[in-house]
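# Breakdown of the fold
Spelled out from the first residue to the last, the chains are:
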Amino acid sequence: MKYGFYPGCSLEKNAYAYNQSTMAVTKAFDIEFVEVEDWNCCGATEYIAIDLLPAYALISRNLAIAAKQQSEQLVAACSACFLNLKKADHYMGESHKLNEKINKALAAGGFNYEPGSVKVRHLLDIIYNDVGIEAIQEKIIKPLYQLKVAPYYGCLVPRPAKMGSFDSNEYPTSMDEIMRALGATVVDFPLKAACCGGHMTQISEDVALDMMRRILKNATDNRADLIVTLCPMCQFNLDAYQESVNKKFGTKYNLPILYFTQMIGLALGMSEQELGIGKELVSAKAALTNISEEPPPKPKRVRRSKEALPLPVLEEV
Amino acid sequence: MAIAATLARAPTFFDEVVNNTPGGDPHLELCLQCGTCGGSCPSGPDMDHTPRALFAMINAGMKEQVLRSNTPWYCVSCYYCMVRCPQEIKITDILYTLKRMAIKEGNYRDSTASDAPGFSETFIDFVENYGRSFEVGVAARHHLRHHPLKMVGMATGFGLDMLLKGRMDITPNRIKGLEGLQAILKKAKELGGEA
């Protein structure tokens, strides 16, 4: 399987562990990535807030290069990069005027882009749909038995709806399925697609910290050993600001935040170092010792107590 | 967009918002005032007006109050409102439009989120000059401009940890085709205007 690949600025440094583990895991599944040559920043959620056309022109330069390299499908691992690339392609296709103006701008740098010529997809989509659960299971050497994980999807990969999503917009389950396939125990996590606050820490730290607190609380209340994510921004916020959350709210959350590719890599028998484990600020060391060689005992079926209130019964017609 | 082409009157604030939102029709005129957006919003309680209220204000032509509110800047871009809106209004996109308009008109300076555009501007400064973003530079320059005291916190808090873990660059990376990119951005700025 061959795809175009757009790393994005975060994967260069802040989320280098995500980059490393993505490369290690995709290689194990014979996925070939052709990096967008001399790619530029997608503008994150910032450029679009300042000036519309340059923001879209900035994103489209990457699409144009990917098309030139004949990548029919372009993969991004970062949520913001993924949504920006996908949205630019989609809106250029929807609005003739926008398309015309952006192509005029691109021409100034010697590029052009025909909307629809590159299909933008997220890494999770590739691993879940193109590699598939069965192929992952076949390669497992070291199952993650008894490790309790809370898969966290954030906002930009599951939403918005109108451009076609590969999973539910509000209650996605693809990463849950992958984690279960690895042998891990997936805990209930109602806030799995809630927002980590994004760049809100720079605008109102109080608002941002409260958003992170809710997510950390929800995962801790459901007894997760760690949170698994697919986004560099979510990882950074929940990891680097966890201490600030604890300080502000008097809590004692101690949840390591790892990438889903690191979890897959562990189950495939790769070393922690190879996967960039140890780069997280809240150490995953203690949590990972919960991995057992034995699968968890099957939960016993609990019979309803006779003293419980009767359930309503539908009348037969 | 279609509305502007068929109007026989000067465009209203409502038209301006619609015409500056990219892609197809944002369906702003379809708002039922149901409040699903505000109820779904993680930062809704901290906003001056929820999106629902803001849309009624746009309809009423309250340009200054809308652009001075902190609402667009407190939008975290999570898209919950957009997937839940029964009228399929492109709420998040409209809030981005309002951010751009607030900067253009300068109203944001009076809002409770007055340094928010500064963060975005610092961010794009680096993108325009290097082609890549640069976290250390963005954070440092933003705080120097707006909250110098926070710099101390950054250096002693997780900033140092991030540096020690090798998760931050000391210098920005520059792309090879920077001149071409700058030419593209310059042209895009010239073309400007509605989407």
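In case you missed it, the structure is sitting above this.
Before going into details, it helps to say that this report is about the structure given with it. (Residues numbered from 1 in each chain as written. Chains lettered and ligands numbered in written order. Predicted model: local features only at pLDDT ≥ 70, side-chain atom pairs only at ≥ 80, totals over all residues.)

Attention shifts here to the overall build of chain A. Counting its secondary structure elements, chain A contains 13 helices and eight strands. Relative to its length of 317 residues, chain A is compact, with a C-alpha radius of gyration of 21 Å against a globular reference of 20 Å. Each of the three principal axes of chain A carries a C-alpha extent, and together these read 75 × 60 × 40 Å. Within chain A, buried positions represent 56% of all 317 residues. Taking the contacts inside chain A whose residues are at least 6 apart along the sequence as the reference set, 79% of them involve residues at least 24 apart. (Helix = DSSP H or I, 4+ residues; strand = E, 2+ residues; numbered from the N terminus. Rg over C-alpha atoms; globule rule 2.2 N^0.38 Å. Buried ≥ 20, exposed ≤ 12 C-beta atoms within 10 Å, placed from the backbone. Contact = placed C-beta atoms within 7 Å.)

Between two packed helices, both the angle of their axes relative to each other and the distance between the axes serve to describe the pair. All names here are of chain A. Contact geometry of helix H3 (residues 52–68) with helix H4 (residues 79–94) gives a least axis separation of 9 Å together with a crossing angle of 95 degrees. Comparing the axis directions of H3 and H4 gives the class roughly perpendicular. Counted together, Tyr-56, Ile-59, Ser-60, Asn-62 and Leu-63 of H3 and Asn-84, Leu-85, Ala-88 and Asp-89 of H4 form the full contact between these two elements. Looking at side-chain class alone, the contact of H3 with H4 contains five nonpolar, three polar and one charged residues. (Axes fitted to C-alpha atoms, helices over the stretch in contact; angles between N-to-C directions. Parallel < 35°, antiparallel > 145°, perpendicular 65-115°, else oblique. Nonpolar A, V, L, I, M, F, W, Y, C, P; charged D, E, K, R; others polar.)

Whenever strands of a sheet pair, they do so through backbone hydrogen bonds, lying parallel or antiparallel. All names here are of chain A. A sheet is described by the order of its strands in space; here four strands give the open sequence E2-E1-E3-E4, paired in parallel fashion. The two strands at the open ends of the sheet, each matched to only one other strand, are strand E2 (32–35) and strand E4 (119–122). For this sheet, the mean angle separating the axes of adjacent strands, direction not counted, is 40 degrees. With three bridges joining them, strand E1 (residues 2–6) and strand E3 (residues 73–76) adopt parallel strand pairing. Pairing of Phe-5 across the sheet is with Val-75, part of E3. (Pairing = 2+ DSSP bridges.)

Residue and element names in this part refer to chain A. Locating Arg-301 in the fold gives a position in the segment after helix H13 (285–288). Given 5 C-beta atoms within 10 Å, Arg-301 falls into the exposed group. In this structure the C-alpha to C-alpha distance between Arg-301 and Ala-44, which are 257 residues apart in sequence, comes to 48 Å.

These figures come from the coordinates and say nothing about function on their own.
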